[in-house]
Amino acid sequence: MGLRAIAQEESWWTAVWKPLLTYRGVEITYLFYAERGSSYEGVVLRLHNRNDFPVACRFQVVFRADDGSEEVAWVADTLRAGEMRTGGLSGLFWMPFRDGRSVAELGLRKIRIEALQ
């Protein structure tokens, strides 16, 4: 009888997220979203608290267009131990430029992540 190895593959849903920052145990990843038949580009963030305690998060998301102009959005939330949040219902989806400009860069500023009691 021969040996059989089964490779564990990353699910497609996990593989589409790009790393942005891991800070104080909170992993922040993103993906770009383009709606079919639309010229608008969206950005979705995913927050994952990898700590075994709850945290409060607050930061700015900076969207820089291909012409150098910027749009800024604030994120302020709390996450339970191990909790993951993403998408529009969590306030983590934006379409920053609705005039045909593309998102050229994505960044974070003024990051505060603190443990909650």
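Residue numbers run consecutively from 1 along every chain, following the written order of its sequence. In keeping with the model being predicted, local features are shown solely for residues with a pLDDT of at least 70 and side-chain atom pairs are shown and tallied solely at 80 or more, while totals for entire chains, interfaces and linings include all residues. The basis for every side-chain value is the complete set of non-hydrogen atoms in the structure, without hydrogens or water.

Colleague: Would you mind going over the environment of Arg112 with me for this structure?
Modeller: Helix and strand assignments come from DSSP, with helices taken as H or I runs of at least 4 residues and strands as E runs of at least 2, each series counted from the N terminus. With respect to the helices and strands, the residue Arg112 is situated in strand S8 (residues 103–115). Apart from the residues within four sequence positions on either side, Arg112 is in contact with Ala56, Cys57 and Arg58. Only 2.7 Å separates the side chain of Arg112 from the side chain of Glu114, close enough to count as a polar contact. Pairs of residues are marked as contacts when any of their non-hydrogen atoms sit within 4.5 Å. We call two N or O atoms a polar contact when they sit within 3.5 Å, provided that within protein one can donate a hydrogen and the other can accept it, with sequence-adjacent residues counted only if both atoms are side-chain atoms.

Colleague: Whenever I open this one, the packing of aromatic side chains confuses me. Can you help?
Modeller: The description of two aromatic rings rests on the distance between their centres and on the angle between their planes. Stacked, tilted and edge-to-face pairs are distinguished by plane angle, under 30 degrees for stacked and over 60 for edge-to-face with tilted covering the rest, among Phe, Tyr and Trp rings (Trp via its six-membered ring) whose centres lie within 6.5 Å. Throughout the structure, instances matching the rule amount to two aromatic pairs. Relative to Trp94, the ring of Phe63 lies with its centre 5.6 Å away and its plane at 55°, an arrangement referred to as tilted. In this pair, Phe63 is assigned in strand S4 (residues 55–65) and Trp94 in strand S7 (residues 93–94), connecting sequence segments 31 residues apart. The burial state of Phe63 is the same as that of Trp94; both residues are buried. Here's how the labels work: a residue is buried when its accessible area is under 20% of the maximum for its type, exposed when over 50%, partly exposed in between, all with a 1.4 Å probe on protein chains only.

Colleague: Which parts of the structure should I look at to understand the nonpolar core?
Modeller: The tendency in soluble globular proteins is for nonpolar side chains to be buried side by side. Throughout this description, the term nonpolar core refers to a set of buried Ala, Val, Leu, Ile, Met, Phe, Trp, Tyr and Cys residues connected via side-chain atoms within 4.5 Å. Core analysis: the biggest nonpolar cluster contains 22 residues, and Leu45, Phe59, Val61, Phe63 and Trp94 have the highest contact counts within it. Put simply, the parts of the chain that give this core at least two residues each are strand S2 (26–34), strand S3 (41–49), S4, strand S5 (70–79) and S8. Broken down by element, the residue count for this core peaks at six residues, all from S4. Aside from chain neighbours lying at most four places away, what touches Val61 is Leu45, Glu71, Val72, Ala73, Val75, Trp94, Leu106, Gly107 and Leu108.

Colleague: Would you mind going over the environment of Arg109 with me for this structure?
Modeller: Relative to the helices and strands, Arg109 resides in strand S8. Put simply, Arg109 and Phe59 are 50 residues apart on the chain and 5.9 Å apart in space, counted from C-alpha to C-alpha. Those residues within four positions of Arg109 in sequence are excluded, and the remaining contacts are Phe59, Gln60, Val62, Arg64, Glu70 and Val72.

Colleague: Is there a simple way to explain the sheet that holds S4 in this structure?
Modeller: Strand pairing is defined by DSSP finding a minimum of two bridges between the two strands. If you walk across this open sheet you meet the three strands as S5-S4-S8, and the pairing is antiparallel. What marks the edges here is a single partner per strand, and that holds for S5 and S8. Strand-to-strand twist of the sheet, defined as the mean angle between neighbouring strand axes without regard to direction, takes the value 15°. Pairing between S4 and S5: 10 bridges, direction antiparallel. Bridging across to S5, Phe59 finds its partner in Val75. Axis definition: a line fit to C-alpha positions, over the contact stretch in the case of helices; interaxial angles, taken between N-to-C directions, run 0 to 180 degrees.

Colleague: Can you help me understand the environment of Thr86 in this one?
Modeller: When you line up the elements, Thr86 lands in strand S6 (residues 84–86). Those residues within four positions of Thr86 in sequence are excluded, and the remaining contacts are Trp17, Val44, Leu45, Arg46 and Leu92. For Thr86, the side chain forms a polar contact with the main-chain oxygen of Leu45, separated by 2.9 Å.

Colleague: Looking at this structure, I do not really get the confidence of the model for the protein chain. What am I missing?
Modeller: The predicted coordinates should not be examined in detail at positions where pLDDT is low. Across the protein chain, the average pLDDT comes to 86, with 82% of residues at or above 70. Put simply, helix H1 (residues 12–15) is where the protein chain has its lowest mean pLDDT, 57, and S4 is where it has its highest, 96. Think of pLDDT as the predictor's per-residue confidence, scored from 0 to 100. Scored below 50 in pLDDT, residues 1–10 shows one contact in the model against residues more than four places distant or in partner chains.

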